[in-house]
Structures are given as C-alpha cells and as structure tokens.
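Here's the letter readout for the chains.
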Amino acid sequence: MFKIRIYITYFLVFCASVLYAKNDSIKKDFFKLGGAVRFNAVMENYESSNNNLDTYVRMDTWLLSVEAHQKGFDLSFQYRFYPEFKTHFLHHASIGYQIDNNWYAKLGVFQKPFGIGDFASHSWWFQVPYYLGWEDTYNTGIGFFYIRHKLRVEAAYFRQAAPRGSVPSNADDNSVGNGRYSYAIVPTYGYSNGEKVDAYIRELDQFNGRIRYQILPEVELGLSAEMGSIYNETLNKRNWGFSWAAHTLINYNRWNFKGEVIGYNYNAQSDNNQRLDIVQMGAYGSSYDVAAKGMIYVAGISYSIPVNRRLISSIQPYIDYSVVHKRKAGFHDTQQFVPGMLIASGPIYTYVDYALGKNHPWLTSDFGEGLGKGTADARWNSRLNINIGYYF
C-alpha cells in the first residue's frame, strides 16, 4: 500500500500544479509529425570475423514521432522499429505543462534526469553508460523541472522502467520485456560469488535528482543522485541502492567537451536471498550480464566545422572514451573508444565511427559478453560503422 500511496500522491501534486498554478507564458498551439529512416554500413573485426560476411549494409531503424501543444499542454511521442532485431517499442511518450516561467511538469515515459543531458556522447555509439542504463534512459513516472537564470534543478519519481515492446514469440522474453530502447534490469537470473542463481527481479520505485549550474557562459557543472529499489518478486522483498554522478560540459568557440564520473550500485538479491554480483539487463530484444556495482568514467571532445556547401552543411569530428571499473575482485574493466565524425547534409545526418571495445557486449563475436565478469585476455575488437539517417 505504501508504494501505491507514493504514486497517487505524486500524481495528485502534478494535477494540482496544472490546475491551480499561474502560467504567464504564451505558446501557440501546433502539431508536428516527424520521423527518420536510418541505415548502417558495417565492417567488423571481431574474434571470429569472416571477411566475406562481416561487411554488410542493414537497416538500423525507422521511427515516427509527434510533437504537439494544445491549450497549455505539451505532447512528445516517439515509436521505433528495428528490423534487424525483430523488435519495435515505445521510445518515449509524455505530457508536459509549463506551470509558470520557472516550473515545468512532465508525466509519462521520459528521460530520467541523471548525468549529462541529453547525451554523454558525440557518436552514434553512445558512451558505455548507455549499455548499463545510465545514458539516455527512459522510465515511467512524473517529473518537475525548475530553471532560473544559471540554475537548473530537476526531480523525478519513476514507478518502473519504460513499457515493454514487441519481440518474436520464440524470443527469450520475460514479464518486464527485453524489447525496449533503454536498458533495464529484467527478471531471469544472476550470479553470486560465481554461482548462477535464479533472480526474478526488476526496477521498482526510483527517485532521481539533478542540479546543473552554469558557472560561466561556457561551463556547466552538475551533480546527480538516484535512489532506487530492486524488487524480488519471489521473496516479495526489495533492496535499495544509491547511485551518483558528477559532470561538466564545456563549450568554447567550436569546441565541446563532456566529462562525467558515475558511481552505481544495483543492490539486488537472488531468489534464495544471496547478494548478486551480476544482474541481467535487457534491450533490443535480448539481455546480457552486467556487473552490479562499479565506477564509470566518461570523456569526449568534438570540434564543429561549418562548411555551408550544397551537399554538406557542417562536419563535426570527435573522440569519445569511456570505461567501466567493476567493483568486484576478479572482474575486468570494460572499455570503449570511438573516434569519428558527424556530417550534416540538410535533413541527412551521417555518423562515421571507428568503434573499438574491450570486454564490450556489442563489439564481440559473442554478443552480450563483457559487462559482467569479463576476461583478463579480452582483445580490442573494432567496427567501422557508417550510420546514414534521413530526418523529417
């Protein structure tokens, strides 16, 4: 009953704010339908690469989105289809309201305020935090956002992860759902002291807060915190975990720098009440092992070059690097290094990335391996990835 009262209380606060707060801003009603179609050209160099088969072109995704404003209320919605993974799902869907000149409220599935917003990365690949649920992550709940001069304060309560999407009937799915955009803990199994154990767990009731301050016109500093529980349905018991992040954003002339440190703890227990060292997280139709506790370090830099020619508007070269240091003896770090460039050509955006990874779940012949225990002799794998997208 306690969790129900929390959810109802936040919903009532949201409704009361919308009904009674004064809104001095004036915004015209509009409705905009958009979307994108994206393709990947790939050349892989993994442990078991076959030169004849590991160079290919495939559709990445196609998506539809809606942005609208009517009688003071905002709507933001996006749905994505991924043919390669045979899955489709909601990316986000939220209703927003500008309470007054400083306060904004949002209800639905939206990006959780944690770490660098909106992205900690420059490349199409994201940075490593994305693959653990710490970058561009969408959950279901309610949020309040305060902006005044140089200060931004954001707070949100999420009841659960984003809704599950659709996967093939023969896929390894579960009650939470592996078909999704954002990585979330899924109920299946885990590892405790090297032993594989059942773990019917999920994320439930999460509180996020983020403070961002513009200390200079070019420099932002930020602190984030998350208190969330991992609920075990078999035990009918939850464990609370605390995670944090500190970040900086620097924009100087055409340069952009993003730096971040994250300390995370998915405090979870197995069905037989053992502390888990490894949990399962799922997205895009499948799940993989993730170390339950660790530190993440992120750095990325880019430089924007205006071109303003007929076929090319601008070029942005960049370098992104991130590493996961797993806080468990015998576990091995995950690393990702991505030099590349973004080429803008009107409605067409092309990411040219040379992604390198060590103990990386996506940059390997054994998909999903690496973010759990990892191996000491893991090699640096590489993938030349050219993502071409038409946005409308």
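All values reported here derive from a predicted model rather than from experimental measurement. (Residues numbered from 1 in each chain as written. Predicted model: local features only at pLDDT ≥ 70, side-chain atom pairs only at ≥ 80, totals over all residues. Heavy atoms only, no water.)

### Observations regarding the overall build of the protein
Regarding its fold elements, the protein presents one helix and 22 strands. For the protein, buried positions account for 51% of its 392 residues. A sequence separation of at least 24 residues applies to 62% of the contacts in the protein between residues at least 6 apart. Carbon and sulfur atoms make up 58% of the accessible area of the protein, which totals about 18,800 Å². Distance from the positive charge centre (38 side chains) to the negative charge centre (34 side chains) of the protein: 5 Å. (Helix = DSSP H or I, 4+ residues; strand = E, 2+ residues; numbered from the N terminus. Buried < 20%, exposed > 50% of the residue type's maximum accessible area, 1.4 Å probe, protein only. Contact = heavy atoms within 4.5 Å. Areas by Shrake-Rupley, 256 points an atom, 1.4 Å probe, with all protein chains shown as cover. Lys, Arg positive; Asp, Glu negative; His and termini not counted. Charge placed at Lys NZ, Arg CZ, Asp CG, Glu CD.)

### Some details on the environment of A268
With respect to the secondary-structure elements, A268 resides in the loop between β14 (255–265) and β15 (278–283). In this structure A268 comes out as buried when scored by relative accessible area, which is 0%. Along the primary structure A268 and G35 are separated by 233 residues, whereas in three dimensions their C-alpha atoms are 38 Å apart. Not counting the four nearest positions on each side in its chain, A268 is found in contact with I201, I230, Q274, R275, L276 and V279.

### Examining the pairing of strand β2 (residues 55–70)
Every regular strand shows the same layout, with side chains that alternate between the two sheet faces. Pairing geometry for strand β1 (residues 30–45) and β2, over 14 bridges, is antiparallel. Its bridge partner being in β2, N40 is matched across the sheet by R58. (Pairing = 2+ DSSP bridges.)

### A short note on the pattern of salt bridges
Enumeration according to the criterion identifies 12 salt bridges in this entry. Across the salt bridge formed by R383 and E44, the nearest N and O atoms sit 4.0 Å from each other. Of this pair, R383 sits in strand β22 (residues 381–391) while E44 is found in strand β1, placing the two residues 339 residues apart along the sequence. Here the two residues R383 and E44 agree in accessibility, since each one is buried. Salt bridges sharing common partners tie together E154, R210 and R212. (Salt bridge = Lys/Arg side-chain N within 4 Å of Asp/Glu carboxyl O.)

### Here's the deal with the side chain of T61
Following the sequence through the fold, T61 ends up in strand β2. At 2.8 Å, the side chain of T61 and the backbone oxygen of F81 are in polar contact. Beyond its immediate sequence surroundings of up to four residues, T61 is in contact with A36, V37, R38, R80, F81 and Y82. (Polar contact = N/O pair within 3.5 Å; in protein donor to acceptor, adjacent residues only side chain to side chain.)

### A look at the pairing of strand β7 (residues 151–161)
In this sheet, β7 lies alongside strand β6 (residues 138–148) in antiparallel orientation, the contact comprising 10 bridges. Following the sheet pairing, I147 is matched in β7 by R152. The antiparallel pairing of β6 with β7 creates a hairpin that spans two residues between the two strands, and H149 there sits at a positive phi of about 55 degrees. Examined bridge by bridge, β7 and strand β11 (residues 201–216) share eight bridges and lie antiparallel to one another. The residue of β11 that forms the bridge with A155 is G209.

### Some details on the packing of aromatic side chains
Counted by the stated rule, this structure contains 36 aromatic pairs. Taking 4.6 Å as the distance between ring centres and 55 degrees as the angle between the ring planes, the aromatic pair formed by W255 and Y303 counts as tilted. Here the residue W255 occupies a position in strand β14, and Y303 occupies one in strand β17 (residues 293–303), the gap between them amounting to 48 residues. Residue classification places W255 among the partly exposed residues on the basis of a relative accessible area of 43%. Judged by its relative accessible area of 26%, Y303 falls in the partly exposed class. Here the guanidinium or amino end of K112 rests over the ring plane of F114, the centre of that ring lying 5.8 Å away. Over the ring of Y189 we find K196, and its NZ or CZ is 4.1 Å from the ring centre. (Phe/Tyr/Trp six-rings, centres within 6.5 Å; stacked < 30°, edge-to-face > 60°. Lys NZ or Arg CZ within 6 Å of the ring centre and 35° of its normal.)

### What about a nonpolar patch on the surface?
There is a patch of nonpolar side chains on the surface, built from V37, F39, V57, W62, L64, I348, I388, Y390 and F392 and spanning about 810 Å² of accessible area. Broken down by secondary-structure element, the contributors of at least two residues to the nonpolar patch are β1, β2 and β22. With three residues, the single largest contributor to the nonpolar patch is β2. Structurally, V37 is set in strand β1. (Patch = residues over 30% accessible without salt bridge, like charges linked within 9 Å, V, L, I, M, F, W, Y side chains within 5 Å.)

### A closer look at unusual backbone geometry
The peptide bond linking G117 to D118 adopts the cis configuration, its omega dihedral lying at 0 degrees. Summarising the element assignment, D118 is placed in the loop between β5 (103–111) and β6. Its identity is not glycine, yet N273 carries a phi of approximately 75 degrees, on the positive side. Turning to its location among the elements, N273 is positioned in the loop between β14 and β15. The partly exposed category is assigned to N273, whose relative accessible area is 40%.

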